[in-house]
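Next come the chains, spelled out residue by residue.
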Amino acid sequence: MKIKLLLLLCCGLWSSCNSYDYCPVTPSESDLVFTELARSWDEAMPLGNATVGALVWQRDSTLRLSLDRTDLWDLRPVDSLSGDNFRFSWVKEHIRQKNYLPVQKKLDWPYDMNPAPSKIPGAAIEFPLEQIGTPTQVRLYLNNALCEADWADGTQMQTFVHATEPIGWFVFRNLKTPIEPSIITPVYNKTKPDGSLDPVSGQDLHRLGYQQGKVVREGNQITYHQKGYGDFSYDVTVCWKQEGETLYGTWSVTSSLSGEQASEKAEAALQRGLKHDYQAHLEYWDKYWAQSSITLPDSVLQKQYQNEMYKFGSTTREHSYPISLQAVWTADNGKLPPWKGDYHHDLNTQLSYWPTYTGNHLTEGMGYLNTLWNQRDAYKRYPRRYFGTEGMNIPGVCTLTGEPMGGWIQYSMSQTVAAWLAQHFYLQWKYSADRTFLKERAYPFIKDVAIYLEQISEVTPEGVRKLEFSSSPEIFDNSLQAWFSDMTNYDLAMMHFLFKAASELAHELNLADEAGHWASLEAQLPDYDIDEEGCLTFAKGYPYKESHRHFSHAMAIHPLGLIDWSDGEKSQHIIRATLKRLDEVGPDYWTGYSYSWLANMKARAFDGEGAAQALKTFAECFCLKNTFHANGDQTQSGKSRFTYRPFTLEGNFAFAAGIQEMLLQSHTGVIRIFPAIPKEWKDVSFESLRAMGAFLVSARMEGGEINRVCIYSEKGGMLKIARPGTLKPNKNYTLSGTDILNIDTQAGEWIELNP
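Residues numbered from 1 in each chain as written. Predicted model: local features only at pLDDT ≥ 70, side-chain atom pairs only at ≥ 80, totals over all residues. Heavy atoms only, no water.

### Considering the overall build of the protein
To keep it simple, the criterion reads: A run of H or I in DSSP becomes a helix once it reaches four residues, and a run of E becomes a strand once it reaches two; helices and strands are each numbered from the N terminus. The rule is simple: take the accessible area with a 1.4 Å probe, protein chains only, and divide by the maximum for that residue type; under 20% is buried, over 50% is exposed, in between is partly exposed. By the convention used here, residues are in contact when the closest approach between their heavy atoms is within 4.5 Å. Note that accessible areas follow from Shrake-Rupley with a 1.4 Å probe, and for residues the cover is restricted to the protein chains shown.
Summing up its helical and strand segments, the protein has 18 helices and 31 strands in all. Expressed along its principal axes, the backbone C-alpha trace of the protein runs to roughly 80 × 70 × 50 Å. In the protein, buried positions account for 62% of the 755 residues. Considering only intrachain contacts with a sequence separation of at least 6, the fraction spanning at least 24 residues in the protein is 66%. Split by element, the accessible area of the protein, about 27300 Å² in all, is 48% carbon and sulfur.

What follows is the structure in structure tokens.
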């Protein structure tokens, strides 16, 4: 009966599909275009909507769609992260005794040795190529979020992941030989597993201990059901119909966490029809691309930026889970993903959301903040259980549900990392000027972290607030030496920022007593340590003298902005010296994201040439042909001694933020137009980049002269802008100093600056 019902359903909708067998596309110069399909999953064409994703590539003689979903997780508890010794006081006892091996065995080693908790792969759909051959061109249309493959005989395939539904579409037309899809499952019961225990290259799937799932075909529908750990399971369904020379199909991936059924989702999509779904898909992407845009004279940077913002739009939504290491593109190589595809909050998630703010994608960025907000109970249990405090801290490495996973605990269970995540609540408020968000989300979140930091720290008899043992990612790895007896600049910057932000936001809400309390705590913190040349150190007696990928010692410069060029000569000297030291020590042990981060810092120092060069190195040396960040130097040209290729996304999105920092800055409360572009850039423009205070800014430079600035004030208030060239505003203003224009704006008002 079910088969007959499905066939009747299909027959009722194919007339509409037959009249719409082609999805109109709009090419751009930044599209990815190749003469053949990629032969590796990590070089595939990426499609996604922050819930499900697909990678389009060729494996052997098949066209393969590797399917993924963000909530496919093995969430088994980590036994070692429990018991009487799961206490930071126990860790500190072993640090004092210089007997650190028991700590490593209990809290570090299980991350490497145990296969789970971990992100897990979905499945794949394959189409045989023996009869139709291989494509002669493959193109990813960024404007349309659609991949198209063309064959010499006129056969064409288009595929996209629906922008707002957990489904994907594919359509082949002009097929000379009928083909059908098949579902290829991950192999959990290998007879000859490779036995790998390396979390970077990925552990073998068989170690999860799953029974192999079942694949069932009913008519033109195939469903794969896979049981995971405990009561978790997931389903993958593909439906299709071939009519004449056209093959239409949909697929879906659902999990038991979602409460949805893949078969129902795929069938419903077919019922709606290709035209309906593609139009809805385009509506989302048209709106997304309209939110902001840039035009650069450097084609390498322009193309990379467009691809980064495409990936950003493919991996985050207002109510999605945050961007994990690989987001919706989990490794399809028979193994667990690099670093288990988890949530690395010691750097990775934070960098991934840097383009949210100036890029004018505040709504998309809320997926990060909504998840952090919704998991507050877990973040409060964790410090009570491990640190023995109230308030809130967040594991530096955690699962989908916010539980700690262990690893190098100086960072995976950092004392201060919650301050860095809290900065994103601060930034959302500063860029949106949304007072409801300030009152109901930003300040309560930051306050809970401040309560924790007050309790985890101690005050010396001299009145100095400090941590007994401090750390700086990922200096000295997970060794005993990685615990510093003096405060690191990393932990100091985190605490300075958090108490300062808490005071500022409390003051904004007229909570004078709370504002004063947080300010008094910040005043107790020591100043940053600098060496004899004025360069920020890791900690007292530990200058930056060996190359390292994580610029944790420089957090106060960027992203926290506590040491800024605008502060005057003392801060400028520290910034110059710190950047000079990074250049002098060199990039031997940098990864791709190091270059992206460096570009952001150089832009803050108004070094346009340095920022552009760092970003170009990232794009040309640390990305695969589909623009995925591969961490290591793929050119082996001396840009790093790391030449491996584990794919992670944070470097990609930090790149986009670096471009934005070159074009527009407002972190000091003063808007600066083109503050850090190379001198040779004579023609450059941007539309609707966002500045703090909820101002949308557009600007154009032609022939080296800024000839247009247009600003929309969403919320009203005082607009402060460094005069761009000789332009003057179209309404009254006052001057601060010689070049800061102060313009009182009304909500919804447009301000123009013209020659």
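Additional details are given in the paragraphs that follow.
### Some details on the UniProt feature "domain: Glycosyl hydrolase family 95 catalytic" (unreviewed entry) in the protein
What counts here: UniProt positions are given in the numbering used here, feature names are shortened, and annotations may be inferred rather than shown by experiment.
UniProt tags residues 303-663 as "domain: Glycosyl hydrolase family 95 catalytic" (unreviewed entry). Regarding residues 303-663, the helix share stands at 48% and the strand share at 2%, and the terminal C-alpha atoms are separated by 16 Å.

### Regarding the sheet that holds strand β17 (residues 293-295)
Stated precisely, the cut-off is as follows: DSSP bridges decide pairing: two strands pair if at least two such bridges lie between them.
The six strands are arranged β17-β24-β25-β26-β31-β28 in an open sheet whose pairing can be described as antiparallel. In the strand order of this sheet, the two ends are held by β17 and β28 (728-729), each with one partner. Strand direction decides the pairing type here: strand β26 (residues 705-713) and strand β31 (residues 749-754), joined by five bridges, are antiparallel. Its bridge partner lying in β31, Ser-713 is registered against Glu-749.

### Side note on the state of the cysteines
For clarity, the threshold we go by: Defined by distance alone, a disulfide is two cysteine sulfur atoms within 2.5 Å.
In total, this model carries zero disulfides according to the counting rule given. No disulfide involves Cys-623; its sulfur sits 9.4 Å from the nearest other cysteine sulfur, which is in Cys-621. What makes Cys-623 buried here is its relative accessible area of 10%.

### Observations concerning the pairing of strand β24 (residues 684-691)
The buried fraction of β24 amounts to six of the eight residues, a majority that puts the element mostly inside the structure. In the sheet, β17 pairs with β24 via three bridges, with the strands oriented antiparallel. Across the sheet, Ser-293 pairs through a bridge with Glu-687, a residue of β24. Sheet topology note: the β24/strand β25 (residues 695-702) ladder contains six bridges and is antiparallel.

### Here we look at the sheet that holds strand β15 (residues 233-243)
To be explicit about the condition: Comment: axis = line fitted to C-alpha atoms, over the contacting stretch for helices; angle = value between 0 and 180 degrees taken between N-to-C directions.
An order of β1-β8-β9-β10-β11-β16-β15-β14-β13 is seen for the nine strands of this open sheet, with the pairing classed as antiparallel. Sheet topology places β1 (32-34) and β13 (214-217) at the edges, where each strand pairs with a single neighbour. Strand after strand, the sheet turns through a mean of 10 degrees between neighbouring axes, direction not considered. Contacting β11 (167-173), β14 (221-227), β15 and β16 (246-255), helix α4 (residues 262-272) runs over the sheet at an angle of about 145 degrees to β16. Of the strands in this sheet, β9 (146-150), β10 (156-161), β11 and β16 are in contact with helix α5 (residues 274-290), which crosses β10 at around 55 degrees.

### With respect to the domain arrangement of the protein
For an interface, size is often stated in terms of accessible area lost upon the parts coming together. How we decide: Domain segmentation is taken from an automatic or database assignment of domains. For any pair of parts, buried area is found by adding up, for both, the accessible area (1.4 Å probe) each one loses once the two are put together.
Annotation of the protein at the domain level lists domain 1 (32-74 + 122-189 + 205-291), domain 2 (295-311 + 347-365 + 409-449 + 459-663) and domain 3 (684-754). Between the C-alpha centres of domain 1 and domain 2 there is a distance of 37 Å. Counting from both sides, the interface comprises 19 residues of domain 1 and, opposite them, 15 residues of domain 2. Between domain 1 and domain 2 the total buried area reaches about 1700 Å² when both faces are included, carbon and sulfur atoms providing 57% of it. The largest contributions to the domain 1 side of the interface with domain 2 come from Asp-42, Glu-43 and Gln-291, which together make up 33% of the buried area.

### Some remarks on unusual backbone geometry
With omega at 10 degrees, the peptide bond leading from Ala-116 into Pro-117 counts as cis. By the element assignment, Pro-117 lies in the loop between α3 (101-113) and β6 (118-119). Omega for the peptide link from Pro-473 to Glu-474 comes to -20 degrees, which places this bond in the cis form. By secondary structure assignment, the location of Glu-474 is in the loop between β21 (465-466) and α13 (489-508). With phi around 55 degrees, Ala-433 is a residue other than glycine that occupies positive phi space.

### Considering the pattern of salt bridges
Applied cut-off: The term salt bridge refers to a pairing of a side-chain nitrogen on Lys or Arg with a carboxyl oxygen on Asp or Glu at a separation within 4 Å.
On inspection of all chains with the given rule, the structure shows 37 salt bridges. For the salt bridge of Glu-569 with Arg-576, the shortest nitrogen-to-oxygen distance reads 2.7 Å. For Arg-576, a relative accessible area of 37% gives the class partly exposed. Across the pair Glu-714 and Arg-690 runs a salt bridge, and its minimum N-O distance is 2.9 Å. Here the residue Glu-714 occupies a position in the loop between β26 and β27 (717-722), and Arg-690 occupies one in strand β24, the gap between them amounting to 24 residues.

### Structural notes on the environment of Glu-29
One can find Glu-29 in the loop between α1 (2-18) and β1. Note on Glu-29: relative accessible area 82%, which makes it exposed. In this structure the C-alpha to C-alpha distance between Glu-29 and Tyr-379, which are 350 residues apart in sequence, comes to 45 Å.

### Considerations on the packing of helix α12 (residues 435-456) against helix α14 (residues 512-523)
Defined as follows: Any angle that is under 35 degrees is reported as roughly parallel, and any over 145 degrees as roughly antiparallel; angles of 65 to 115 degrees are reported as roughly perpendicular and all others as oblique. Note on convention: near helix rotated counterclockwise from far helix by under a right angle means a left-handed crossing. Clockwise means right-handed. Each residue is assigned to one class: nonpolar for Ala, Val, Leu, Ile, Met, Phe, Trp, Tyr, Cys and Pro, charged for Asp, Glu, Lys and Arg, and polar for all the others, Gly among them.
The geometry of α12 relative to α14 is characterised by a closest axis approach of 12 Å and an angle of 45 degrees between their N-to-C directions. As far as their axial angle goes, α14 and α12 are oblique. Like other packed secondary-structure pairs, α12 and α14 cross with a definite hand, here left-handed. Across the interface between the two elements, Tyr-443, Lys-447, Ala-450, Ile-451 and Glu-454 of α12 pack against Glu-514, His-517, Trp-518 and Leu-521 of α14. Partitioning the contact of α12 with α14 into residue classes produces five nonpolar, one polar and three charged.

### Details of the side chain of Asp-298
Basically, it comes down to this: Here a polar contact is recorded for every N or O atom pair within 3.5 Å, except that within protein the pair must consist of a potential hydrogen donor and a potential acceptor, and residues adjacent in sequence are included only if both atoms are side-chain atoms.
With respect to the secondary-structure elements, Asp-298 resides in the loop between β17 and α6 (299-315). The class for Asp-298 is buried, based on a relative accessible area of 12%. A polar contact of 3.1 Å, which involves the side chain of Asp-298, links it to the backbone nitrogen of Leu-301.

### Details of α13
The criterion, for reference: In this scheme, a helix's expected span is set at 1.5 Å multiplied by one less than its residue total.
For α13, spanning 20 residues, the distance from its first C-alpha to its last is 28 Å, which sits close to the expected 28 Å at 1.5 Å a residue. Positioned one or two residues after α13, Asn-510 has a phi angle of 60 degrees, which is positive.

### Overview of the packing of α12 against α13
Packing of α12 against α13 brings their axes to within 9 Å, and their N-to-C directions diverge by 140 degrees. Here α13 runs oblique to α12, going by the angle between their axes. Seen from above, α12 lies across α13 with left-handed handedness. Residues Arg-435, Leu-438, Ala-442, Tyr-443, Ile-446, Val-449, Ala-450, Leu-453 and Glu-454 of α12 form the contact with α13, whose participating residues are Met-495, Leu-498, Phe-499, Ala-501, Ala-502, Leu-505, Ala-506 and Glu-508. The class makeup of the residues in the contact of α12 with α13 is 14 nonpolar, no polar and three charged.

### Some details on the nonpolar core
What counts is decided by this rule: Buried Ala, Val, Leu, Ile, Met, Phe, Trp, Tyr and Cys residues form a nonpolar core when they are joined through side-chain atoms within 4.5 Å.
The biggest cluster of nonpolar side chains holds 220 residues, and the ones touching the most others in it are Val-91, Trp-251 and Ile-673. Among the elements that make up this core, the one with the highest residue count is α13 (12 residues). Ignoring sequence-local partners within four residues, the contact set of Val-91 consists of Tyr-100, Val-103, Leu-107, Tyr-386, Ile-409 and Trp-483. The next biggest cluster of nonpolar side chains, apart from the first, holds 17 residues, and it includes Val-25, Leu-146, Ile-167 and Tyr-278.

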